[in-house]
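# Examining the three-dimensional arrangement
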Amino acid sequence: MSISGRPILGIETSCDETAAAVVADGHIYSNTIFSQTEHSLYGGVVPELASRNHIRTLLPVVDQALAEADLELGDLCGIAVTQGPGLVGCLLVGISVGKGLALGSGLPLVGVHHIEGHLFAGSMAHPDLVPPFMALVASGGHTELIYVCAWGNYERWGRTRDDAAGEAFDKVAKILGLLREGEVTMGGPRISMFAEEGNPDAFDFPRALINDPGFDFSFSGLKTSVLYRIRDLAVEDLKAIRANIAASFQAAVVDVLVDKTLRAAREVGAERILLSGGVAANRALRAQLDDDASKLGMGVFYPPTPLCTDNAAMIAGAGAFRLSRGEVAGGNLNAAPRLPLPGLHERQV
Ligand code: KG4
Ligand code: ZN
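My aim in this report is to walk through the structure given alongside it, one point at a time. This structure is a prediction, so every number in the text was calculated from the model and none was measured. (Residues numbered from 1 in each chain as written. Chains lettered and ligands numbered in written order. Predicted model: local features only at pLDDT ≥ 70, side-chain atom pairs only at ≥ 80, totals over all residues. Heavy atoms only, no water.)

Counting secondary structure elements, the chain contains ten helices and eleven strands. For the chain, the C-alpha radius of gyration of 20 Å lies close to 20 Å, the compact-globule estimate for 349 residues. Projected onto the principal axes, the alpha-carbon positions of the chain cover approximately 60 × 45 × 30 Å. Looking at the chain as a whole, 53% of its 349 residues qualify as buried. Contacts in the chain between residues far apart in sequence, at least 24 positions, make up 74% of those at least 6 positions apart. Accessible surface computed for the chain: about 14,500 Å², of which carbon and sulfur atoms make up 52%. (Helix = DSSP H or I, 4+ residues; strand = E, 2+ residues; numbered from the N terminus. Rg over C-alpha atoms; globule rule 2.2 N^0.38 Å. Buried < 20%, exposed > 50% of the residue type's maximum accessible area, 1.4 Å probe, protein only. Contact = heavy atoms within 4.5 Å. Areas by Shrake-Rupley, 256 points an atom, 1.4 Å probe, with all protein chains shown as cover.)

We now examine the side chain of Ser-139. By the secondary structure assignment, Ser-139 is in the loop between β6 (133-138) and β7 (143-150). Residue classification places Ser-139 among the buried residues on the basis of a relative accessible area of 8%. From its side chain, Ser-139 meets the backbone nitrogen of Gly-141 in a polar contact 3.3 Å long. With sequence-adjacent residues up to four places away left out, Ser-139 is seen in contact with Ala-164, Ala-165, Gly-166, Glu-167, Gly-277, Gly-278 and Val-279. (Polar contact = N/O pair within 3.5 Å; in protein donor to acceptor, adjacent residues only side chain to side chain.)

Here we take up the site of ligand 1. The environment of ligand 1 is made up of 20 residues, and the closest members are Gly-140, Asp-170, Gly-188, Asn-282 and Asp-310. The backbone of Gly-278 places a nitrogen or oxygen atom 3.1 Å from an oxygen atom of ligand 1. Taken together, the elements giving at least two residues each to the shell around ligand 1 come down to α3 (114-125), α4 (165-175) and α5 (187-195). Of the residues belonging to the shell around ligand 1, the class tally is five nonpolar, 13 polar and two charged. Per-domain counts for the shell around ligand 1 show at least three residues from each of domain 1 (3-118 + 308-346) and domain 2 (131-302). (Near = heavy atom within 4 Å. Nonpolar A, V, L, I, M, F, W, Y, C, P; charged D, E, K, R; others polar. Domains from an automatic or database assignment.)

Take helix α8 (residues 283-295) next. End to end, α8 covers 19 Å across 13 residues, agreeing with the expected 18 Å (1.5 Å per residue, within 8%). Every buried residue of α8 is accounted for by Leu-285, Arg-286, Leu-289 and Ala-293. Looking down the long axis of α8, one finds its buried residues gathered within 95 degrees of arc, a one-sided arrangement. Opposite its buried face, α8 presents the exposed residues Arg-283 and Lys-295, each directed more than 90 degrees away. (Expected span 1.5 Å × (residues − 1). Arc of directions from axis to C-beta.)

In this section: the packing of helix α7 (residues 235-268) against α8. For the pair α7 and α8, interaxial distance at closest approach is 10 Å and the crossing angle is 35 degrees. The handedness of the crossing between α7 and α8 comes out as right-handed. For the pair α7 and α8, contact is made by Gln-250, Val-254, Asp-255, Leu-257, Val-258 and Leu-262 and by Ala-284, Leu-285, Gln-288, Leu-289, Asp-292 and Ala-293, respectively. A class-by-class count of the residues in the contact of α7 with α8 yields eight nonpolar, two polar and two charged. (Axes fitted to C-alpha atoms, helices over the stretch in contact; angles between N-to-C directions. Left-handed = near helix turned anticlockwise from the far one by under 90°.)

Pasting the structure below:
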C-alpha cells in the first residue's frame, strides 16, 4: 500500500526500541531494530535514558535499514514516523530525525499512530486480511479491542482499565525473579518459557471482569494476587513452584483475552480476528484463540513475532496508507504522547 509502488521509510521510537524499516506495497525490504538494555539497572524503562539512546542510535539504524534495502532516500516516496502515543522525549527524537530527512530530501513526511501500526502489521503479514475484522492489540502499553470496519475507520469495543496485558507479564516475571540481566520488557517470553514446564491449573488466579457484560479488561488485581501468593515464600520454595505460578498466571490472562475477543467478534459478526502487539507472540494465547475461534468458524491471524513486537515496518505500512490519502505533515508535526487513534469511535451500546 505505498504510493505508486515506491518504498517508504518508517521510523519508530515511541519507547525503548529504536527502529527503521523500508517497505513497499506491503513487501518488507528491511526491518532494523536496536533494543535498549540499560534500563534493567533501574527496573523499568527510564524515559530520559531512552531518549538519549534514540539520539545516539537512530541515524545509524536508518542508514542500516536503507543499506539492507539497497536503496537511497531518493528512491523513496515518503517518510513515516510514529507521532504517538508514547514517551514524549522518545517520540521527539524520531520526529526530529524524520523532519530533518524529509527537509533534506524533499520527501513528504507523515505522522503515524502507533496502534494503527500494530493493526497494519497484520495485513502486511497476511495480505488476505482485509477489513472488516476484530483486532486485539495487546502489548506492554496497550490492551485494546478494536473493530476495524475499514482502514481508517475503527470502533473501540474494549480497553484495559489499569495495567496492559504485557505490563502484567513484565511485572509478574519480575516478582517471580524470572528476568535475566539486561531485560525489562521481556517478561512475556520468560513467563511463557517457564509456563511450559508448569501446571496451568495449579493456582486459581482471578479472571477479572470475565463475567462482566462489557469488553474492558483489568490485570492489576491478577498481578497483586500473584504477589500475595508468593510474598512469604523463601527463595527455594518460590523456585519450586514458579513454573506452576507462571502457567496459572498465563492461563488467567489468556482466558480473559480469548473470552472477550471471541465474544466481541461474535457480537459484531466478524469472521476474522487479528491478534497483534507484543503479547500476540504468546504461544498459549495463539493456541487457545485458534482452537476456540475455529469452533465458531472464525479465522485467526497473527503476524510473525518480529512484526508483533514494536517495529518500524508496521509504521511504514500505516504511513503508506495515510500518505495515499494525501495526509502529509507540515513542519509543525509534534510529538503527541496521548494521541487519539484517527478514525476511532467508541462502540455505541
Ligand atoms: O508491542 P511491544 O513490543 O511494545 C509495546 O508497544 O509495549 O510489546 C512488548 C510487550 C512486553 O510487555 C512483553 O512482555 C510482551 O509484549 N511480550 C509477550 C511475549 N513476547 C512479548 N507477552 C507474552 N508472551 C510473549 N511470548
Ligand atoms: Zn507497540
